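These are the residues of each chain, in order.
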Amino acid sequence: MSTFRRLLGFLRPYRTGVVFSFALAAAAMAATVAIPWLTGRAIDATRRGDRNDLWMLAIVVAVAGLLRLALSVGRRLVAGRVSLGVEVDLRQRLYAHLQSLELGFFDHQQTGQLMSRVTVDLQAVRFFLGYGLIFIGQALFTIVLAGIAMFLLRPELAAIALAPVPFVVLVAFRFGRRSRPAMQEVQQRVAELTAEAEENVSGVRVVKAFAREERQLGRFDHRVGRVFEQSMIATRLQAFYAPFIGFLPNIGLAAILFVGGRAVIDGTLTVGEFTAFYAYLLMLIGPMRMLGYMLGSAQRATASGARIFQLLDRAPAMSVPENAPPLPAGAGRVELRGVSLTFEGSRQQALDDVDLTVEAGSTVALVGGTGSGKTALVSLLPRLYDATAGEVLIDGANVRDVDPRSLRHEIAVVNDDPFLFSATVHDNIAYARPEATREEVELAARRARAEEFVGELPDGYDTMIGERGLTLSGGQRQRIAIARALLANPRILVLDDATSAVDASTEQEIKEALREVMAGRTTFVIAHRLSTISLADDIVVLEHGRIVARGGHDELLDDNELYAEIAEAAGGRSMPREAVG
Ligand SMILES: Nc1ncnc2c1ncn2[C@@H]1O[C@H](COP(=O)(O)OP(=O)(O)OP(=O)(O)O)[C@@H](O)[C@H]1O
């Protein structure tokens, strides 16, 4: 189905509004078209010296004007409602669709590109659907009505006056064909510009830290230049075609002056009729210009629509069986059977034939060099990614067969660079359980050793945290994230480098608190410090996506060279005391 027809589909819920605004527009135009005819009769009445008729006609013209005013106000109100309604629907649909897409999709997207689609492209579409279409309808209607009025007045003159119309259609068609690809490229470049701006703002710390403002400015200027160049191409097309469409009726005007003027001299046409005719022709110029302009906006909307549909047509890759049951009750036993994972767009396997069973309630540490697949492994548990091969089972249920919401409810992940929302500390901690009481939130914060610094914030738990929590230190953010995970009260807890940014003594405190929380939960710990690894009963060593060893610290030190190396780098060969026993 063509993009244009699909766009029209968005108007379906507003059928009544659309029909109504077209009807109002048509009635307003009928009143407008009546005015030149009435004017013509008034001029003839003047020539006859008929004061009564003149008086009557003046009143009727005023009434027609008032009618037109009322109808136009009504039309604008109804059309505005349709336009804004389409905007709301489109926004909600796009946003709901984005939410339904799997994490892997976002790995390959630039935030700015997505933002541009949900803002710039959406505006173009809603403007056209809400107003543009009605303007086009109104313009066509005026041309048809004025044409009929002219034919009724004088068919042969009308034929001359309307002769340019087929050319107008032809020119408009050519304009459309040339301008659509140009507009599509403009929209694409605007999206690139938005992406650049977004990265500059998000990455402002790095930009400042390396004093690279000028380089960023240079890149931004380059993008701005690209938008300018392409917009100029589109503008040149519009600059030529739109006035040209408006110019064509002027030819008719000249012809009518000549032919009609002669008819008046010959006495076969009254001055009033001639004036009315002339007024009709003038009346055509506006709508024809409007047609040219609106056809441009139709091209823009179609280009934008294509970009929006590209997004809407991207089906979620992660399928969930219909009526999938919730995760069955259990204590959090995890089993990976022959699991492999290759990320989209990657040639290398992140996990290669991994078999791993973690008994309920136990704590396992994953260690390995960077890129060895630790994060990849734990991201399979809440089904953030699907394994390319093999099965992931939690309490005996394949994660692919259960409702992902219930699954994710039971698994909390804390990583090294947690994302916090622009909201209060309380709301950030209570993110997974907004109904949690203040006491529960405070208890979670106490356990995560966040209580003290939260108490020092200006409004305590009600302090607003800046975007992404950037007003807090890395260690503070991690503690809020741990509190958030603890409050969720999950069956399985994943701490992926979750204490990497806190100092050793705070980590020690968090660890003690975690011991208490970890009791009765299955916990995965990814850490580079031996002191954190010591939280685990059991250590799994990963290398190039494969499990190469598993066991206790001492055992692995003796048996596994890679582990011995990692342990050495992580703080020495001997385990901290509290880990023993
Ligand atoms: N979203 C992704 N898309 C494509 N490739 C990815 C993605 N995430 C990770 N990878 C790749 O998969 C491999 C395993 O990555 P993973 O993040 O699991 O490593 P890790 O062991 O957690 O490392 P680190 O200790 O540095 O965090 C790496 O080669 C990485 O480049």
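About the criteria used
- Residues numbered from 1 in each chain as written.
- Predicted model: local features only at pLDDT ≥ 70, side-chain atom pairs only at ≥ 80, totals over all residues.
- Near = placed C-beta within 6 Å.
- Helix = DSSP H or I, 4+ residues; strand = E, 2+ residues; numbered from the N terminus.
- Nonpolar A, V, L, I, M, F, W, Y, C, P; charged D, E, K, R; others polar.
- Domains from an automatic or database assignment.
- Buried ≥ 20, exposed ≤ 12 C-beta atoms within 10 Å, placed from the backbone.
- Pairing = 2+ DSSP bridges.
- Core = buried A, V, L, I, M, F, W, Y, C linked by C-beta atoms within 7 Å.
- UniProt positions renumbered as here; feature names shortened; annotations may be inferred.
- Axes fitted to C-alpha atoms, helices over the stretch in contact; angles between N-to-C directions.

1. Description of the site of the ligand
Move 1: Near the ligand lie 13 residues; those nearest to it are Phe343, Ala350, Thr370, Thr375 and Ala376.
Move 2: Per element, the largest residue contribution to the shell around the ligand is three residues, and it comes from helix α11 (residues 374-379).
Move 3: Within the shell around the ligand, the residues separate by chemical class into three nonpolar, eight polar and two charged.

2. Brief notes about the domain arrangement of the protein
Move 1: Taken as a whole, the protein is organised into domain 1 (3-312), domain 2 (330-410 + 492-581) and domain 3 (420-489).
Move 2: Using only C-alpha atoms to locate each centre, domain 2 and domain 3 end up separated by 25 Å.
Move 3: Broken down by element, the residue count for the side of domain 2 that touches domain 3 peaks at five residues, all from helix α17 (residues 504-518).
Move 4: For the side of domain 2 that touches domain 3, a count of residues per class yields seven nonpolar, two polar and two charged.

3. Overview of the pairing of strand β6 (residues 411-414)
Move 1: Of the two faces of β6, the one holding Ile411 and Val413 and the one holding Ala412 and Val414 are both buried throughout.
Move 2: Bridging between β6 and strand β7 (residues 492-496) involves four bridges; their strand directions are parallel. Each residue of the ladder has a partner; that of Val413, found in β7, is Val494.

4. Considerations on the nonpolar core
Move 1: In terms of nonpolar packing, the biggest core is built from 75 residues, with Ala365, Ala483 and Val494 touching the most fellow members.
Move 2: Top contributing element to this core by residue count: helix α16 (residues 474-487), with seven residues.
Move 3: Counting only domains with at least three residues in this core, you end up with domain 2 (330-410 + 492-581) and domain 3 (420-489).

5. Concerning the sheet that holds strand β1 (residues 334-341)
Move 1: If you trace the four strands from one edge of the open sheet to the other, you get β2-β1-β4-β5, paired in antiparallel fashion. Looking at strand neighbours, the two that pair on one side only are β2 (351-358) and β5 (397-398), the edges of this open sheet.
Move 2: With five bridges connecting them, β1 and β2 associate as antiparallel partners. Residue pairing in the sheet places Glu335 in a bridge with Thr357 of β2.

6. Here's the deal with the UniProt feature "transmembrane region" (unreviewed entry) in the protein
Move 1: The positions UniProt marks with the feature "transmembrane region" (unreviewed entry) are residues 54-71, 127-151, 157-175, 240-265 and 277-295.
Move 2: Between the C-alpha atoms that bound residues 54-71 the distance is 26 Å, and the span itself is 100% helix and 0% strand.
Move 3: Annotated as residues 277-295, this span is 100% helix and 0% strand, and its ends, taken at the C-alpha atoms, are 27 Å apart.

7. Considering the sheet that holds β6
Move 1: Spatial ordering of the open sheet is given by β6-β7-β8-β3-β9-β10, a layout of six strands whose pairing is mixed. Of all strands in the sheet, those with a lone pairing partner are β6 and β10 (546-551), marking the two edges. Taken over all neighbouring pairs, the strand axes of this sheet differ in orientation by 20 degrees on average, direction set aside.
Move 2: Both strand β9 (residues 538-543) and β10 contribute to a ladder of five bridges, which runs antiparallel. Along β10, the bridge assignment pairs Val540 with Arg550.

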